[in-house]
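Next come the chains, spelled out residue by residue.
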Amino acid sequence: MARITGRYVLRRLGISAVTLYAIATLLFVLLHAMPGSPVDQLVGPSMTAEQIQNLEQRFGLNAPLWEQYVQFITNYLVFDFGYSVTSLEPVSERILNRLFPTLILFVPAFVLQYSLGTILGTYFGWKRGSKTDLGGFMAGLTLYSIPFFWLGWILLWVFSYQLNLLPSGHMLPPFASQFGWVDAVVNLVRHLTLPVLALALIGWAGPMLVMRTTMQDVVNADYIDFARAQGYPESTVMTRFGARNALIPVVTQAIIGIAFMIDGSVIVETVFSWPGLGKLLVDSVLAKDLPTALAAFYVLGVLIVVLRFLTDIVYTMIDPRIEFGGSD
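Criteria and thresholds
Residues numbered from 1 in each chain as written. Predicted model: local features only at pLDDT ≥ 70, side-chain atom pairs only at ≥ 80, totals over all residues. Heavy atoms only, no water. Helix = DSSP H or I, 4+ residues; strand = E, 2+ residues; numbered from the N terminus. Buried < 20%, exposed > 50% of the residue type's maximum accessible area, 1.4 Å probe, protein only. Contact = heavy atoms within 4.5 Å. Areas by Shrake-Rupley, 256 points an atom, 1.4 Å probe, with all protein chains shown as cover. Salt bridge = Lys/Arg side-chain N within 4 Å of Asp/Glu carboxyl O. Phe/Tyr/Trp six-rings, centres within 6.5 Å; stacked < 30°, edge-to-face > 60°. Polar contact = N/O pair within 3.5 Å; in protein donor to acceptor, adjacent residues only side chain to side chain. 1 Å grid on protein atoms, 1.4 Å probe; cavity = no way out; pocket = protein on both sides within 12 Å on 5 of 7 lines; lining within 4 Å. Points joined across faces, edges and corners; volume = space filled by probe spheres on them. Nonpolar A, V, L, I, M, F, W, Y, C, P; charged D, E, K, R; others polar. pLDDT = per-residue confidence, 0-100. Core = buried A, V, L, I, M, F, W, Y, C linked by side-chain atoms within 4.5 Å.

A few words on the overall build of the chain. Within the chain one finds 13 helices and zero strands. Secondary structure of the chain in N-to-C order comes out as α-α-α-α-α-α-α-α-α-α-α-α-α. The proportion of buried residues among the 328 residues of the chain is 41%. Considering only contacts within the chain whose residues lie at least 6 apart along the sequence, 76% involve residues at least 24 apart. Carbon and sulfur atoms make up 66% of the accessible area of the chain, which amounts to about 17,700 Å² in all.

So, in structure tokens, the structure goes:
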């Protein structure tokens, strides 16, 4: 049975910590490489030099560069991002309020695209060379090359503006607080449908292509012939013996898919006015609210690193031959 050693977990946690430190350092360099000051949005034409200096002192911008760096890294390690220069609210509160909507969008889209991609990839690979296989392969490549924003606009035009079946944006309608929980869930699902489809219809192609290729490699394996000789139905041979042994590369591809999904969610949230981290990042950049923009980017990076770590753990649930932390 597969097991995860403590040595492996510590090593992976160490790599994750170094990655987050590198991201925070890069953000600090970016903050000071940009022209102007992070508090320029708060500086008015009637402010005196003393008032501007007090403002910079409040945001810690008048300290030596090395001291700013140490304070910046220390604050980011505990998720203390300071204050927004546009709303003067704590950035951590703004991030926390937007994190939940992002997870609501991300989780079902990720599950849908990998479930759909894995199932279709299994079938296409098993029927390799058939018209169904070639048609699915071409459809996957076509969808994979479509930009997120373009597909989002098409879905909006068809299902919202032409057919008037689904809302065009936002997470919930106005006055949603007055709804009962059943109405609130129904409205949430209706608002969630189009952005989830925009992410899943493009993202499913990645796991489908990987699963299709891997299934083509195992379809003529000896254990597949042995399973058929034992009298198992073809569907059982395909799923239990073929797909199970072809899943490892798909899980590996999920690491890339996580970053691809989060990158796409920034665009999709903007197109559908979804109040998540991606929308906050774009709005903060446009408003020149650097503390909020950098914090949103950092939290998205944390999500990628954490999900990357969890993906490694999932390996043991798929292939019991893997022993993490053991000898190579």
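Relative to the assigned elements, D133 resides in helix 5 (residues 131-144). Using a relative accessible area of 1% as the deciding quantity, one classes D133 as buried. Those residues in contact with D133, other than ones at most four positions away along the chain, are F124, K127, R128, R212 and Q216.

On to the pattern of salt bridges, then. For side chains bearing opposite charge, pairing can occur when the charged atoms are close. Inspection of every chain in the model, using the stated rule, returns five salt bridges. A salt bridge links D289 to R94; the shortest N-O distance between them is 3.1 Å. Taken together, the residues D289 in the loop between helix 12 (277-286) and helix 13 (290-318) and R94 in helix 4 (residues 91-126) connect sequence positions 195 residues apart. One exposure class covers both D289 and R94, and it is buried. Residue R212 pairs with D133 through a salt bridge whose shortest N-O separation is 2.5 Å. Of this pair, R212 sits in helix 8 (residues 205-218) while D133 sits in helix 5, and the two are 79 residues apart along the sequence. Salt bridges here are not isolated pairs; linked through shared partners, they connect E89, R94 and D289.

All right, on to the packing of aromatic side chains then. A complete count under the given rule lists 12 aromatic pairs for this structure. Consider the rings of F79 and Y298, whose centres lie 6.1 Å apart with planes at 55 degrees: the pair is tilted. Of this pair, F79 sits in the loop between helix 3 (65-77) and helix 4 while Y298 sits in helix 13, and the two are 219 residues apart along the sequence. Classification of Y298 by relative accessible area gives buried; the value is 2%.

All right, on to the side chain of K279 then. With respect to the secondary-structure elements, K279 resides in helix 12. Side chain to side chain, K279 and D283 meet in a polar contact 2.9 Å long. Filtering out sequence-adjacent residues up to four positions away, K279 remains in contact with R98, E269, T270, S273 and W274.

It is worth spelling out unusual backbone geometry at this point. Look at N164: it is not a glycine, yet its phi comes out positive at around 55 degrees. The topology assignment puts N164 in the loop between helix 6 (148-162) and helix 7 (181-203). Positive phi, close to 50 degrees, is recorded for S273, a residue that is not glycine. By secondary structure assignment, the location of S273 is in the loop between helix 11 (248-271) and helix 12. Overall, the relative accessible area of 28% leaves S273 in the partly exposed class.

Our next topic: empty space enclosed by the protein. Rolling a probe over the atoms, with the probe sized like a water molecule, indicates the empty space that remains. What the rule picks out here adds up to one cavity of 30 Å³ or more. When its volume is computed, the largest cavity comes out at roughly 40 Å³. Surrounding the largest cavity, T102, L103, F106, I262, S265, L300, L303 and L307 form its lining. Breaking the lining of the largest cavity down by element, the ones donating at least two residues are helix 4, helix 11 and helix 13. Across the lining of the largest cavity, the residue classes tally to six nonpolar, two polar and no charged.

Quick look at the confidence of the model for the chain now. Residues at a pLDDT of 70 or more form 83% of the chain, whose mean pLDDT is 80. Per-residue pLDDT stays below 50 along residues 324-328; that stretch engages in 10 contacts with residues further than four places along the chain or on separate chains.

Ranked by size, the top nonpolar core spans 51 residues in total, and within it Y76, F81, I95 and Y298 carry the most contacts. Elements with a minimum of two residues in this core: helix 1 (6-33), helix 3, helix 4, helix 6, helix 7, helix 11, helix 12 and helix 13. Tallying contributions element by element places helix 13 first for this core, with 11 residues. Non-local contacts of I95, meaning those with residues more than four positions away in its chain, are made with F81, L277, L280, T292, A295, A296 and V299.

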